[in-house]
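# What the coordinates show
Each chain is listed here by its residues.
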Amino acid sequence: MQDKILVIGSSGQIGSELVAELRSNYGDSNVIASDIVASNQIIMDSGPFEILDVTDSKRLYEIVKKHEVTHIYLLAAILSANAEKKPKLSWDLNMQSLFNVLDLAKDKIIKKVFWPSSIAVFGPNTEKIKTQQYTITEPNTVYGISKLAGERWCEYYFNKHNVDVVSLRYPGLIGWKSNPGGGTTDYAVHIFHEAIKNKKYTSFLTKDTTLPMMYMSDAINATLKIMQTDSGKIKIRSSYNIAGCSFNPEELANEIQSYIPDFKISYNKDYRQKIADSWPDSLEDSLAKDHWGWQAEYNMRKLVKEMIENLHKKYNC
Ligand code: NAD
Ligand code: SER
């Protein structure tokens, strides 16, 4: 029987790109997009879409049954910066959504689950440079606590209920097709749009705040690859470290200036600085490479080139 995929959170930064890639790989009608709000027009026009509040387990079950869903990619969440403003709501959404999906797999209604974790599982006591897969995880943000708890539950459902769930600790993701939804790494997308439109940007992180980042196509490739890997090769059922590149706002601005010489950056840190300061500078990801052949393609230079070229076309300049 044909596998049917449900993407929950298809209107967000990752969902917008992931749905398109899944549809081109598995066929438009086999990928059902869903979100609490409508997705972009391309997604709405190219295949099935359902309005879904993922905390409503009854509606989720109905959609899964209606479309005979076998695989779920659960992307709905409240990200780090927004979660600090609405801690209880964020905890409830980030955890309840995961339980609702894992329970469908536990009851053998679906076969496989993808759920993303984050660099936010690390905290101020974690080593900053080349942060290891197995190390101190003492997050001090609501979002990070929910991601760490989620990782533990994924592993628990795998061990206890044989649930086939896989996960990646995404770094900050940067792409030109969609906008970020309230995280701490959002500056690294906004800066490109402002550089092209206004030739200036004020960063809410200081110039030397280095964070792990990744170009969106690397993240999408990693997601498809881990889902397609034979289950026996997946040795980590909490979540895998994956690394792309690392840079700070000053280094990113310098690289952008090589395309837009009169671009100016200024700095005015806000509450997101404290979140960023608790996260690693870079990640060590040899286990993902060894177990399922992960390899990033984009360094900062290549990422900036792609962003500038594509946004220039998008803004018609
Ligand atoms: P986003 O905020 O852009 O998108 C989240 C989507 O979830 C939104 O479209 C929103 O409408 C939807 N949503 C919110 N509440 C919902 C509900 N009750 N029911 C259904 N949908 C609901 O987030 P994103 O950047 O696309 O992130 C997707 C996942 O990847 C999240 O789990 C996030 O934690 C994780 N992640 C993202 C990044 C990143 O840099 N973007 C990095 C690490 C991890
Ligand atoms: N990019 C995400 C955030 O900043 C990391 O999970 O919240």
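Attention here is on the structure that accompanies the text.

What counts, and where the lines are drawn
- Residues numbered from 1 in each chain as written.
- Chains lettered and ligands numbered in written order.
- Predicted model: local features only at pLDDT ≥ 70, side-chain atom pairs only at ≥ 80, totals over all residues.
- Heavy atoms only, no water.
- Helix = DSSP H or I, 4+ residues; strand = E, 2+ residues; numbered from the N terminus.
- Rg over C-alpha atoms; globule rule 2.2 N^0.38 Å.
- Buried < 20%, exposed > 50% of the residue type's maximum accessible area, 1.4 Å probe, protein only.
- Contact = heavy atoms within 4.5 Å.
- Near = heavy atom within 4 Å.
- Polar contact = N/O pair within 3.5 Å; in protein donor to acceptor, adjacent residues only side chain to side chain.
- Nonpolar A, V, L, I, M, F, W, Y, C, P; charged D, E, K, R; others polar.
- Pairing = 2+ DSSP bridges.
- Salt bridge = Lys/Arg side-chain N within 4 Å of Asp/Glu carboxyl O.
- Core = buried A, V, L, I, M, F, W, Y, C linked by side-chain atoms within 4.5 Å.
- Axes fitted to C-alpha atoms, helices over the stretch in contact; angles between N-to-C directions.
- Parallel < 35°, antiparallel > 145°, perpendicular 65-115°, else oblique.
- Left-handed = near helix turned anticlockwise from the far one by under 90°.
- Areas by Shrake-Rupley, 256 points an atom, 1.4 Å probe, with all protein chains shown as cover.

Our focus in this paragraph is the overall build of the chain. Broken down by element type, the chain carries 12 helices and 14 strands. In terms of overall size, the chain behaves like a compact globule, its C-alpha atoms giving a radius of gyration of 19 Å where 317 residues would be expected to give roughly 20 Å. Expressed as a percentage of the 317 residues in the chain, the buried residues total 55%. Long-range pairs, those at least 24 residues apart, make up 78% of the contacts in the chain between residues at least 6 apart in sequence.

With that settled, the discussion passes to the site of ligand 2. Near ligand 2 you find Leu79, Ser80, Ser118, Tyr143, Gly172, Gly183, Thr184, Thr185 and Trp279, and these make up its full shell. Note that an oxygen atom of ligand 2 is positioned 2.6 Å from one of the side-chain N or O atoms of Ser80. Thr184 has a polar backbone atom sitting 2.6 Å from an oxygen atom of ligand 2. The residue inventory of the shell around ligand 2, partitioned by class, reads three nonpolar, six polar and no charged.

Here strand β10 (residues 200-203) shows a buried face lined by Tyr201 and Ser203 and an unburied face lined by Lys200 and Thr202. Examined bridge by bridge, β10 and strand β14 (residues 264-267) share four bridges and lie parallel to one another. Residue pairing for β14: Ser203 is matched across the bridge by Tyr267.

This next bit is on the pattern of salt bridges. Side chains that differ in sign of charge can pair as their charged atoms come close. Counted by the stated rule, this structure contains 13 salt bridges. Of the charged contacts, one joins Glu50 and Lys66 as a salt bridge, the two residues approaching to 2.6 Å between their closest N and O atoms. Pair noted here: Glu50 is in strand β3 (residues 49-51) and Lys66 is in helix α3 (residues 57-67), with a separation of 16 residues, a long-range link. On the basis of relative accessible area, Glu50 is assigned to the buried category, the value being 8%. Judged by its relative accessible area of 57%, Lys66 is exposed.

Ile72, Phe192, Leu252 and Ile256 are the most contacted members of the largest nonpolar core, which totals 69 residues. The residues touching Leu252, leaving out its near neighbours within four places in the chain, are Tyr187, Ala188, Ile191, Phe192, Phe247, Met300 and Val304. Of all hydrophobic cores here, the second largest spans 33 residues; its members include Ile5, Leu75, Leu224 and Tyr240.

This brings us to the packing of helix α7 (residues 187-198) against helix α12 (residues 300-314). Two elements in contact, α7 and α12, have axes separated by 10 Å at closest approach and are oriented at 50 degrees. Relative to α12, the element α7 lies oblique. Regarding α7 and α12, the two cross each other, and that crossing is right-handed. Along its contact with α7, which presents Phe192, His193 and Ile196, the element α12 presents Leu303, Val304, Met307, Ile308, Leu311 and His312.

What follows covers the packing of helix α5 (residues 87-106) against helix α6 (residues 142-161). For any two helices packed against each other, one specifies the crossing angle of their axes together with the interaxial distance. Two elements in contact, α5 and α6, have axes whose closest approach is 10 Å; the angle formed by their N-to-C orientations is 15 degrees. What the angle tells us is that α5 and α6 run roughly parallel. In this structure, the crossing between α5 and α6 has a hand that is right-handed. Residues Pro87, Ser90, Trp91, Asn94, Met95, Leu98, Phe99, Leu102, Asp103 and Lys106 of α5 pack against Val142, Tyr143, Ile145, Ser146, Ala149, Gly150, Trp153, Cys154, Tyr157 and His161 of α6. For the contact of α5 with α6, the residue count by class is 13 nonpolar, five polar and two charged.

Take the sheet that holds β3 next. Spatially, six strands are ordered β3-β2-β1-β4-β5-β7 in an open sheet, and the strand pairing comes out parallel. Two strands lie at the open edges of the sheet, namely β3 and β7 (164-166), each paired on one side alone. Mean inter-strand twist for the sheet, computed between neighbouring axes without regard to direction, equals 20 degrees. Contacting β1 (5-8), β2 (31-35), β3 and β4 (71-74), α3 runs over the sheet at an angle of about 160 degrees to β3.

Moving on, we come to the site of ligand 1. Around ligand 1 lies a shell of 26 residues, among which Gln13, Ile14, Asp35, Tyr143 and Lys147 are the nearest. At 3.5 Å, a backbone N or O of Ile36 approaches a nitrogen atom of ligand 1. About the coverage of ligand 1: the protein hides 90% of its 830 Å² of free accessible area. Contributions of two or more residues to the shell around ligand 1 are made by α1 (13-26), β6 (117-118), α6 and β9 (172-174). A per-class count over the shell around ligand 1 returns 15 nonpolar, eight polar and three charged.

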